[in-house]
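Now for the letters of each chain:
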Amino acid sequence: MPVQFWSGDGGVPGDFSYGTVHILAVVFLVLLSAALSVFGAKKMSETGRRKTVVTLAVLALGFEVFWRIVFLARGKEAIELYPFYPCNLAGLLVPVIALSNNKILKEMFYLFAFIGGVVTFAIPDGIFTNQYLTFPILKSILQHCAIIILPVFEYCNKTYTPKFKNFWLAICGMLVHLFNSEIMPKLFGQTGTDYIFLRSGLPFVIPGVPGWLTLTVFAIIIVIISYAVLDFKGFKALFKKS
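Given the structure is predicted, the values throughout are model-derived calculations rather than measurements.

**Student:** Explain the packing of aromatic side chains here, please?
**Tutor:** Two measures describe an aromatic ring pair: the distance that separates the ring centres and the angle between the ring planes. Evaluation of the coordinates by the stated rule reveals 20 aromatic pairs. For the pair F63 and F66, a centre-to-centre distance of 6.4 Å together with 40° between the ring planes defines the contact as tilted. Here the residue F63 and the residue F66 both occupy positions in helix α2 (residues 46–73), the gap between them amounting to three residues, near one helical turn. F63 gets classed as buried once you look at its relative accessible area, which sits at 15%. Seen in terms of ring centroids, F164 and F167 are 5.4 Å apart; in terms of plane orientation they differ by 40°. Their pairing is tilted. The class of F164 is buried, set by a relative accessible area of 5%. Look at F167 and you get partly exposed, because its relative accessible area is 24%.

**Student:** Even after reading the chapter, I still don't get the environment of V152, so can you show me in this structure?
**Tutor:** The topology assignment puts V152 in helix α5 (residues 135–156). Apart from residues lying up to four places away in sequence, V152 is in contact with S33, S37 and F114.

**Student:** What am I meant to see in the packing of helix α4 (residues 103–122) against α5 here?
**Tutor:** The relative placement of two packed helices is expressed as an angle between their axes plus a distance between the axes. Two elements in contact, α4 and α5, have axes whose closest approach is 9 Å; the angle formed by their N-to-C orientations is 130°. Taken together, the axes of α4 and α5 lie oblique to each other. With respect to the hand of their crossing, α4 and α5 are arranged in left-handed fashion. Along its contact with α4, which presents K106, Y110, A113, F114, G117, V118, T120 and F121, the element α5 presents I141, H144, C145, I147, I148, P151, V152 and E154.

**Student:** Help me out: how do you make sense of the pattern of salt bridges in this one?
**Tutor:** Where charged atoms from two side chains of opposite charge approach closely, those side chains can pair. What the rule picks out here adds up to four salt bridges. Of the charged contacts in the structure, one is a salt bridge between E64 and R68, with a shortest N-O distance of 2.7 Å. Within this pair, E64 and its partner R68 are both found in helix α2, separated by four residues, close to a single helical turn. The buried category is assigned to E64, whose relative accessible area is 2%. According to the relative accessible area criterion, R68 is buried, its value standing at 13%.

Rules used in this analysis
- Residues numbered from 1 in each chain as written.
- Predicted model: local features only at pLDDT ≥ 70, side-chain atom pairs only at ≥ 80, totals over all residues.
- Heavy atoms only, no water.
- Phe/Tyr/Trp six-rings, centres within 6.5 Å; stacked < 30°, edge-to-face > 60°.
- Helix = DSSP H or I, 4+ residues; strand = E, 2+ residues; numbered from the N terminus.
- Buried < 20%, exposed > 50% of the residue type's maximum accessible area, 1.4 Å probe, protein only.
- Contact = heavy atoms within 4.5 Å.
- Axes fitted to C-alpha atoms, helices over the stretch in contact; angles between N-to-C directions.
- Parallel < 35°, antiparallel > 145°, perpendicular 65-115°, else oblique.
- Left-handed = near helix turned anticlockwise from the far one by under 90°.
- Salt bridge = Lys/Arg side-chain N within 4 Å of Asp/Glu carboxyl O.

Dropping the structure here:
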């Protein structure tokens, strides 16, 4: 059956994680991130780097509006377009924060968005559901590319400089995502979906231990380790004698 690009119907449905489309998407992401970051660091002026961030952010926000229009035209209910999923919320927050250039908001949301994007490409559950590239698949690819590329570009060009002493801000950002994905769906009467994957049986879930507990502890540990890597000098300062 011929694939319908906009709806995603037809084609060869199934789980095509690590198939051709998935691999090409990862290659595209890595090459574009590296090219932009290296070129920005070596060739661009400060003004040029800022213009690049603004351009990427505007394109990302424009696409967030565009895919929602497409989904509405396909008959999706408006409530389905609310960003209950963490990466959907990050898809809006990251470009807005990039435009605002607010350092505190970057500390709160950039790292978690980056980690979420990387995990999604590594464990793309429910994304690459057709052998062929369709718009729903492309939507996920571009959205997750944006929430990775913007933090990477800003970090490599020193407009996002995470400090280990501020890792608690990232944890506060995670709590915002938790509220948005767990409490907001209940307020809107959306109770049938595990939006933040607390009960989905991800690889690090321990049998017999509540998923919310293992996921929370795991996420906090990953954030702390990531901050230690990104600001090793600040991490080492904790062990210096006063």
